[in-house]
Amino acid sequence: MPKVVPYTKGSVIFFAGDKDERIFILQSGKVVLKSVDIVTGELISENLTPGEFFGIKSALARRPRIETASATTDAQVVLLSTQEFERIFSANKGVISKMLTVFSKTLGDLYAKTELLLHYDRKAVQPEEGMAAVAKAFFDAAQYRSCVSECDVILRAFPETSRKAEIEKMRDEAENLSAGQAAEQDQGLGNSSQNESEKSALSQFSLPVFSRFRKEYSDGSVIVSEFMDPHHFYFIQSGKVQLKECINGTLKNLELLEAGNFFGVRAIISGGRRDVCCIAKGTVQCLEFAKENFNAIVRDNPHMSALMLKLLCKRIYDQRRQLSALSIPDLGVRIADVFMMYNELYYVPPFLEDGMEESLSRRFPLTVDDIACWAALSADAARDELNKYVSRNKLDIYDNYMIVGNIADMKRTVDSWYQNKDAAPAQPQKN
């Protein structure tokens, strides 16, 4: 049962970094949330008013707290477990709709911060121009199947485009080059990382009534195209979907989604054009729903609305983690942090018998192009930095995977950079 807990003025309710899956509602008094901006390092304060939820994103994402919550006056706070929150509030359409909107905006703001960090102004790019740049980025990255798929989308969306001859030529070249590429094979990262909500959603959407919505996509297919208006959203039944965006002609990886996840949802909730591409990684089966059905499938369905909240919260934390890596100007350290990030977000430890210790070696299903996309670098720049790790016997690179000899070495590289950064004297400001 939820319980009311009193906090005296100055009390800390929770600290940044705490692992705590409780959700809080401020009943009376005042509470302040303090966090550190990922990019600037500035302190951010948010004052809460009675009736507001807090601690919910970290609880639903099952991630450490990103802020410290303190009572600035005597306060009373309602404490709920995630199960109690779902039972009490998931059927409350008003609460759920507001949270979906707020969390969707938070995720969009993180995308915008990433673009600002990389000196990219999406709003200044016209859809036709942007999609042509995406197709060219796929071609330059030797992701030829995705280039063909993106060119097909452009030609359907803009049949009279002035770039028609250019797009058709790029498509034909990419199609010829793709013939020699093997389809992506799922290397796997260990045991299934699906949670109970995702497994339950898979079970529910496996009912025969949903079979008419089923679509299958081959490796590299562009399921959702960046810069397009949103007309559908999707639920993954099998396979993996890689979210990407094109920034200044370079592809950058976002989330890697597995079965049990929705995608193509944020633009439907927030409005506006798509700001990411969603690409089939291997063969993918998913359900395609018209955006007009979003309320019936998600907002009006307590189970699905709770799942959607969890997925949005997880993506917020994943995007924050990526933004943290991208904010590192030292490219070698940034790549080390990309390995750390991938280990944190996607590596599932193997089952070990009692007394056995897990190896610090990691085999990741990553290529040079993958690392380039995660680190927002050109393939050449990524290859140069990776070869430095190879020369120091810290990394082995193969066609479809890499082996990090000791993941703790990558952590020490990142930790050392942050320690030196924090110890460095402040630079005088220029007039």
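Residues numbered from 1 in each chain as written. Predicted model: local features only at pLDDT ≥ 70, side-chain atom pairs only at ≥ 80, totals over all residues. Heavy atoms only, no water.

> Would you mind going over unusual backbone geometry in detail, with residue names and values included?
Residue His119 is not a glycine yet carries a positive backbone phi of 60°. Inspection of the secondary structure assignment puts His119 in the loop between α3 (93–117) and α4 (127–140). Under the relative-accessibility criterion, His119 is labelled exposed at 69%. (Helix = DSSP H or I, 4+ residues; strand = E, 2+ residues; numbered from the N terminus. Buried < 20%, exposed > 50% of the residue type's maximum accessible area, 1.4 Å probe, protein only.)

> Can you explain the environment of Asp152? Please cite residues and give values.
Position of Asp152 relative to the elements: it lies in helix α5 (residues 144–157). Here Asp152 falls in the partly exposed class, since its relative accessible area comes to 23%. In the structure, Asp152 is positioned 217 residues away from Asp369 in sequence and 23 Å away in space, judged by C-alpha atoms.

> Mind laying out the packing of helix α11 (residues 331–346) against helix α13 (residues 379–391), listing which residues take part and the relevant values?
Packed helix pairs are specified by the crossing angle of their axes together with the interaxial distance, meaning the distance between the axes. Where α11 meets α13, the axes come as close as 10 Å, and the angle between the chain directions of the two elements is 80°. In terms of axis orientation, α11 runs roughly perpendicular to α13. Of α13, the residues touching α11 (which contributes Leu331, Gly332, Val333, Ile335, Ala336 and Phe339) are Ala382, Glu385, Leu386 and Tyr389. Classifying every residue of the contact of α11 with α13 gives eight nonpolar, one polar and one charged. (Axes fitted to C-alpha atoms, helices over the stretch in contact; angles between N-to-C directions. Parallel < 35°, antiparallel > 145°, perpendicular 65-115°, else oblique. Contact = heavy atoms within 4.5 Å. Nonpolar A, V, L, I, M, F, W, Y, C, P; charged D, E, K, R; others polar.)

> Go over the sheet that holds strand β5 (residues 43–48), please, and point to the residues and values.
Strands sit in the order β2-β7-β4-β5 across an open sheet of four strands; the sheet is antiparallel. Every other strand in the sheet has two partners, leaving β2 (12–14) and β5 as the edge strands with one partner each. With strand direction ignored, the average angle separating the axes of adjacent strands in the sheet is 25°. Pairing analysis gives four bridges linking strand β4 (residues 31–36) to strand β7 (residues 68–71), with the strands arranged antiparallel. (Pairing = 2+ DSSP bridges.)

> Could you give me a rundown of the environment of Ser104, with the residues and numbers involved?
Turning to its location among the elements, Ser104 is positioned in helix α3. In this structure Ser104 comes out as buried when scored by relative accessible area, which is 0%. For the pair formed by Ser104 and Ser211, sequence separation is 107 residues and the distance between their alpha carbons is 28 Å. Beyond its immediate chain neighbours, meaning those up to four positions away, Ser104 contacts Arg266, Ile269, Ser270 and Leu312.

> I'd like to hear about the sheet that holds strand β15 (residues 362–364), residue by residue, with values.
Taken in spatial order, the three strands line up as β15-β17-β16 in an open sheet, and their pairing is antiparallel. A single partner strand is all that each edge strand has here, and the edge strands are β15 and β16 (395–397). Direction aside, the axes of adjacent strands within the sheet are offset by 15° on average. Bridge count for β15 against strand β17 (residues 402–404) is three bridges, and the pairing is antiparallel. Its bridge partner being in β17, Arg362 is matched across the sheet by Val404. Along the sheet face, α11 touches β15, β16 and β17 and points at about 90° away from the line of β15.

> Explain the nonpolar core residue by residue, including any values.
Ranked by internal contacts, the top residues of the largest apolar core, which has 60 residues, are Phe205, Phe233, Phe262, Phe263 and Phe289. In terms of residue count, the dominant contributor to this core is helix α10 (residues 302–326) (10 residues). Non-local contacts of Phe263, meaning those with residues more than four positions away in its chain, are made with Ile223, Val224, Phe233, Tyr234, Ile236, Val241, Leu257, Cys278, Cys286 and Arg315. If you look at the next biggest cluster of nonpolar residues, it comprises 30 residues, including Tyr120, Met131, Ala141 and Ile167. (Core = buried A, V, L, I, M, F, W, Y, C linked by side-chain atoms within 4.5 Å.)

> An account of α13 is needed here, citing residue identities and associated values.
When the terminal C-alpha atoms of α13 are compared, their 18 Å separation across 13 residues agrees well with the 18 Å that a helix rising 1.5 Å per residue should span. Close packing links the buried residues of α13 with α11, α12 (368–375), β16, β17 and α14 (407–423). Residue Asn393 follows α13 closely and has a positive phi angle near 60°. (Expected span 1.5 Å × (residues − 1).)

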